[in-house]
Amino acid sequence: EIVLTQSPDFQSVTPKEKVTITCRASQSIGSSLHWYQQKPDQSPKLLIKYASQSISGVPSRFSGSGSGTDFTLTINSLEAEDAATYYCHQSSSLPRTFGQGTKVEIK
Amino acid sequence: EVQLVESGGGLVKPGGSLRLSCAASGFTFSTYTMNWVRQAPGKGLEWVSSISSSSSYIYYADSVKGRFTISRDNAKNSLSLQMNSLRAEDTAVYYCARASDYMDVWGKGTTVTVSS
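Keep in mind it's a predicted model, so treat the numbers as computed, not measured.

Colleague: What exactly am I supposed to notice about the sheet that holds strand 1 (residues 3-7) of chain B here?
Modeller: Sheet strands pair via backbone hydrogen bonds, and the direction of the pair is either parallel or antiparallel. Residue and element names in this part refer to chain B. In space, the four strands of this open sheet follow the order 1-3-8-7, with antiparallel pairing throughout. The strands lining the two open edges of the sheet, one partner per strand, are strand 1 and strand 7 (68-73). Adjacent strand axes in the sheet meet at a mean angle of 15°, parallel and antiparallel pairs treated alike. Judged from the six bridges that link them, strand 3 (residues 18-25) and strand 8 (residues 78-83) form a sheet pairing that is antiparallel. Following the sheet pairing, Leu 18 is matched in strand 8 by Met 83.

Colleague: Sorry if this is basic, but what is going on with the sheet that holds strand 3 (residues 19-25) of chain A here?
Modeller: Residues and elements named next belong to chain A. Taken together, the four strands give an open sheet; going across it, the order is 1-3-8-7, and neighbouring strands pair in antiparallel fashion. One side of each edge strand has no neighbouring strand; the edge strands of this open sheet are strand 1 (4-7) and strand 7 (62-67). Going across the sheet, the axis of each strand differs from the next one's by a mean of 15°, ignoring polarity. The pairing of strand 7 with strand 8 (residues 70-75) spans six bridges and is classified as antiparallel.

Colleague: Can you walk me through the interface of chain A and chain B in this structure?
Modeller: Interface size, as often reported, equals the accessible area lost upon joining of the parts. Between chain A and chain B, the contact holds 16 residues from the first and 17 residues from the second. Of the roughly 1,400 Å² buried between chain A and chain B on both sides combined, carbon and sulfur atoms contribute 65%. Three residues, Pro44(A), Arg96(A) and Phe98(A), lead the burial of chain A against chain B; their summed loss comes to 33% of the area buried on that side. If you look at where chain A meets chain B, you find six residue pairs in polar contact (both at pLDDT 80 or more). Elements represented by at least two residues in the side of chain A that touches chain B include exactly strand 4 (33-38), strand 5 (45-49) and strand 9 (84-90) of chain A. Looking at the side of chain A that touches chain B element by element, the count peaks at three residues for strand 4 of chain A.

Colleague: What's the story with the nonpolar core in this structure? I'm lost.
Modeller: Most often, soluble globular proteins keep nonpolar side chains buried together rather than apart. Formed by 37 residues in total, the largest nonpolar core has its most connected members in Trp35(A), Tyr86(A), Met103(B) and Trp106(B). Counting only elements with at least two residues in this core, the list comes to strand 3, strand 4, strand 5, strand 8 and strand 9 of chain A together with strand 5 (45-51), strand 9 (92-99) and strand 10 (103-106) of chain B. Leave out the neighbours within four places in its chain, and Tyr86(A) touches Gln6(A), Ile21(A), Tyr36(A), Gln37(A), Leu47(A), Phe62(A), Leu73(A), Ile75(A), Gly101(A), Thr102(A) and Val104(A). Membership of the second largest hydrophobic core comes to 26 residues, among which are Leu20(B), Trp36(B), Ala92(B) and Cys96(B).

Colleague: I tried to follow the pairing of strand 5 of chain B on my own but got confused; where do I start?
Modeller: Side-chain direction in a regular strand flips from residue to residue, so the side chains alternate between the two faces of the sheet. All names here are of chain B. Most of strand 5 sits inside the fold, with six of its seven residues counted as buried. Bridge count between strand 4 (residues 34-39) and strand 5: six bridges; the pairing is antiparallel. Residue Asn 35 lies in a different strand from strand 5, and its bridge partner there is Ser 50. Counted between consecutive antiparallel strands, the loop separating strand 4 from strand 5 contains five residues, among which Gly 42 sits at a positive phi close to 70°. Hairpin connection, strand 5 to strand 6 (residues 58-60): the antiparallel pair is bridged by six residues, and Ser 55 has positive phi, about 70°.

Colleague: Where do I start with the environment of Ser17(B) in this structure?
Modeller: Residue and element names in this part refer to chain B. Take Ser 17: it is sitting in the loop between strand 2 (10-12) and strand 3. Exposure remark for Ser 17: the relative accessible area of 39% places this residue in the partly exposed category. Counting along the chain gives 66 residues from Ser 17 to Met 83, while the straight-line C-alpha distance between them is 5.4 Å. In this view, Ser 17 contacts Val 12, Gln 82, Met 83, Asn 84, Ser 85 and Leu 86; residues no more than four positions away in its chain are not counted. Among the polar contacts made by the side chain of Ser 17, one reaches the side chain of Asn 84 at a distance of 3.0 Å.

Colleague: Would you mind going over the environment of Ser52(B) with me for this structure?
Modeller: Residue and element names in this part refer to chain B. As for its position among the elements, Ser 52 is in the loop between strand 5 and strand 6. For the pair Ser 52 and Ser 30, spaced 22 residues apart in sequence, the C-alpha separation works out to 9.1 Å. Once residues lying within four places of it in the same chain are set aside, the contact partners of Ser 52 are Tyr 32, Thr 33, Tyr 57 and Arg 72.

Colleague: What is the right way to look at the pattern of salt bridges in this model?
Modeller: Oppositely charged side chains are able to pair whenever their charged atoms sit close together. Applying the stated rule across the entire model yields nine salt bridges over all chains. The salt bridge partner of Lys65(B) is Asp62(B), with a shortest N-O separation of 3.1 Å. For Asp62(B), a relative accessible area of 66% translates into the label exposed. Via salt bridges that share partners, Arg61(A), Glu79(A), Glu81(A) and Asp82(A) belong to a single interconnected network.

Quick notes on the rules
Residues numbered from 1 in each chain as written. Chains lettered and ligands numbered in written order. Predicted model: local features only at pLDDT ≥ 70, side-chain atom pairs only at ≥ 80, totals over all residues. Heavy atoms only, no water. Pairing = 2+ DSSP bridges. Helix = DSSP H or I, 4+ residues; strand = E, 2+ residues; numbered from the N terminus. Axes fitted to C-alpha atoms, helices over the stretch in contact; angles between N-to-C directions. Contact = heavy atoms within 4.5 Å. Buried area = accessible area lost by both parts, 1.4 Å probe. Polar contact = N/O pair within 3.5 Å; in protein donor to acceptor, adjacent residues only side chain to side chain. Core = buried A, V, L, I, M, F, W, Y, C linked by side-chain atoms within 4.5 Å. Buried < 20%, exposed > 50% of the residue type's maximum accessible area, 1.4 Å probe, protein only. Salt bridge = Lys/Arg side-chain N within 4 Å of Asp/Glu carboxyl O.

Worth remembering: the numbers are spatial, not functional.
Laid out in structure tokens, this is it:
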């Protein structure tokens, strides 16, 4: 099973600040890494697919990078509506796995 | 509008059974792999099971293998999860999600509580 480890677990950020969340895979997964945002009492929402590909309708301040074992989700100029938990997810092999999540709080 | 709507959750005693359903609309259901993903209270996301478009390929997480059965009816645009021998640790919100790789459409979820 591929283990995905996110860091940090929690981040408290002021509006307009830049946020960086990392996801490390226990073995190489190429670019089969996707990012989701989950707000309280909502279902997850796809933000980035295949490590760096943007999703229609997702604000351009969200971007992704990386390949192999190390990946990054960047939120440029954080907005209040970005308060949420962010998860990475790999589709390289079964079982599909998710990172433990990173909670982003707005100061 | 592309939509997934789960139903069938509820309170069940340990050892009991429950059948979840997911109704799909707004897209060609029969061409997509579908998944169940769950989230225990206050916890992260856990993939449970997936079924290919024609039901040829079915996979389960080890935690539910032998107890849960995924199925689909493409004529009715419906996905199901039969859950038997339920345990307290199966308590979670269960989401159905459209995906082969990335999960681009999610339902709102249905809550399953396993408690005596």
